[in-house]
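Residues per chain are reported as follows:
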Amino acid sequence: MVYRRFSVGITFRILLITTCIFLGLWLYFSQGLLLAPAILGIMVAGIVGEMIYYVNSINQKLARFLDSIRFADFSSSFTSDSKMGNSFREVNMAFNEVMEVFKQTRAEKEEQMLFLQVIIQHINTGIISFNAEGKIGVINNAAKHLLQIPQFRDISDLGKLSTKLLKEVMEIKPGQRISHKVNSNLHLIIQTTALKMGGQSWTLLSLQNINAELQSNELEAWQNLTKVLRHEIMNSITPISSLVESLRTILDEDSYVQKEGMLIKKDGFQDIQEGLDTISNRSKGLVNFVNAYRDYTNIPIPEKELVRVQDLFENVLSLMKEELKSQNVFVKTELHPKELEIQCDRDQISMILINLIKNASESMQKLADRQIILRGVSQGDMGIRIEVEDHGPGIVPEALERIFVPFYTTKKTGSGIGLAISRQIMNLHRGSLIVESEQDKRTVFSLIFK
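Remember, predicted model here, so these are calculated numbers, not experimental data.

(A) Structural view of the sheet that holds strand β11 (residues 371-378). Ordered by their spatial adjacency, five strands build an open sheet running β9-β11-β12-β14-β13, and the pairing between neighbours is mixed. Edge positions in the sheet fall to β9 (330-336) and β13 (432-438), since each of these pairs with one other strand and no more. In this sheet, adjacent strand axes meet at a mean angle of 15 degrees when their direction is disregarded. Two strands pair when backbone bridges link them, and strand β12 (residues 384-390) and strand β14 (residues 442-449) are joined in this way by seven bridges, in the antiparallel orientation. If you follow Val388 over to β14, its bridge partner there is Phe445.

Written out as structure tokens, the structure is:
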């Protein structure tokens, strides 16, 4: 309808101009008049100027409309911008409707982009993208938490963590998957994808720390092994222990003196007694050893509740008060924030803390300043961290990766089961137990709750 009105308007103006021109020529040549043709000439000029404005107005509107789209400026409005009468009101309305569609489409895309960004930042898998020049495009919180690299702006900064890892990442091909162990607490699985965006080639990396899964599999393997050992050893030790007791009873009750002398020589009798005592003691030791295996394989499922970390610390220190006092050990507590809370089994976590504090105090027996720091820290989206820090001699690198292996110990009187059980408890809590140690400086055991 608008275009029909536009055509009618242009046609009417052309006819009017043509009529005025012919009328002016007729008056000039036929009637010899000058003033009337001059007036008609002025009218023709006015009509031509008005027609040019009439045509240019719609072009200006189109230009402004297209500029708004090109520069993504959808704030323009054409509703009250019609100076050409009602004939172009429908054009203004159509422009506004198109602008509204573009505005809505952009808003939806921005919402989708924001939604994707929230998802990327929320997922536990580390995400990193970088272009051909190595510039980082996207890096989420999980990747920052895994890599712990400050000011990570270029993929070459990955070399700060491990030069070998950087080399493998740069050589990896799209679709490939690599495994790289950075340290005892970080074992990465990295997958890559190539894509083009904005005329640039980008590489997308996904990173996962499988250290917890490896530890879980290791624990499961040890549990299966200990179940078999327990079964076999118990089957052997129980009858031996019973038989030894029976033999000892027989010797005590059935030995007597005959006329010829002792039925069993005294020295031999004593040797048999000593041997049986030795076998008996050894059998009991083996039974205790098997019971330690049983403790390791029969940890109950945690009964979680919301626990104030401050209450947890106070309870543990109250239980250990006399022991720490006798060893001249001072424990300093730090909480950030003060009202820090965790979901955990109070008794199980208390047992871990008691074990760690006891180990720390024993490691500082030769030091004059015996201080342990018990620290609770909130890490936001990365969970809560409880640390037991001491400034003893530390752990030698050779032992650092083995201290969580069941029955491995660096102490002469240790059983080697405490740290293994502690790590298993943390795995049951969906968390982890890690250690950092600098010889002759400090050792920090960290309980991480996610």
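On we go.
(B) Spotlight on the confidence of the model for the chain. Of all residues in the chain, 69% have pLDDT values of 70 or greater, and the mean over the chain is 76. Considering each helix and strand of the chain separately, the mean pLDDT is smallest for strand β7 (residues 261-262), with a value of 53, and largest for β12, with 93.

(C) Region of interest: the environment of Gly394. Along the chain, Gly394 turns up in the loop between β12 and α11 (397-400). Sequence separation between Gly394 and Gln439 is 45 residues, and the spatial gap between their C-alpha atoms is 4.4 Å. Those residues in contact with Gly394 that lie beyond four places of it in its chain are Ser437, Glu438, Gln439, Asp440 and Thr443.

(D) Here's a closer look at the pattern of salt bridges. What the rule picks out here adds up to 13 salt bridges. Among the salt bridges present, the one from Arg442 reaches Glu389, with a minimum N-O distance of 3.8 Å. Taken together, the positions of Arg442 in strand β14 and Glu389 in strand β12 put the pair 53 residues apart, joining distant regions of the chain. With a closest N to O distance of 3.7 Å, Arg442 and Glu438 form a salt bridge.

(E) The arrangement of the nonpolar core in detail. Counting residues in hydrophobic clusters, the biggest one holds 42 residues, and the most contacted among them are Ile349, Leu353, Ile357 and Leu447. Broken down by element, this core gets its largest block of residues, six residues, from helix α10 (residues 346-363). The residues touching Ile349, leaving out its near neighbours within four places in the chain, are Leu312, Cys344, Ile425, Met426, His429, Leu447 and Phe449. In this structure, Ile149, Leu166, Ile172 and Leu188 belong to the second largest nonpolar core, which totals 21 residues.

(F) Local environment of helix α12 (residues 418-428). Burial within α12 is extensive, with nine of its eleven residues counted as buried. Buried residues of α12: Leu419, Ala420, Ile421, Ser422, Arg423, Gln424, Ile425, Met426 and Asn427, and no others.

(G) Main features of the side chain of Glu387. The residue Glu387 is located in strand β12 in this model. Among the polar contacts listed, one links the side chain of Glu387 to the side chain of Arg375, at a separation of 2.5 Å. At 2.9 Å, the side chain of Glu387 and the side chain of Arg385 are in polar contact. Residues contacting Glu387, with those up to four places away along its chain left out, are Ile373, Leu374, Arg375, Val444, Phe445 and Ser446.

Rules behind the numbers
Residues numbered from 1 in each chain as written. Predicted model: local features only at pLDDT ≥ 70, side-chain atom pairs only at ≥ 80, totals over all residues. Heavy atoms only, no water. Pairing = 2+ DSSP bridges. Helix = DSSP H or I, 4+ residues; strand = E, 2+ residues; numbered from the N terminus. Axes fitted to C-alpha atoms, helices over the stretch in contact; angles between N-to-C directions. pLDDT = per-residue confidence, 0-100. Contact = heavy atoms within 4.5 Å. Salt bridge = Lys/Arg side-chain N within 4 Å of Asp/Glu carboxyl O. Core = buried A, V, L, I, M, F, W, Y, C linked by side-chain atoms within 4.5 Å. Buried < 20%, exposed > 50% of the residue type's maximum accessible area, 1.4 Å probe, protein only. Polar contact = N/O pair within 3.5 Å; in protein donor to acceptor, adjacent residues only side chain to side chain.

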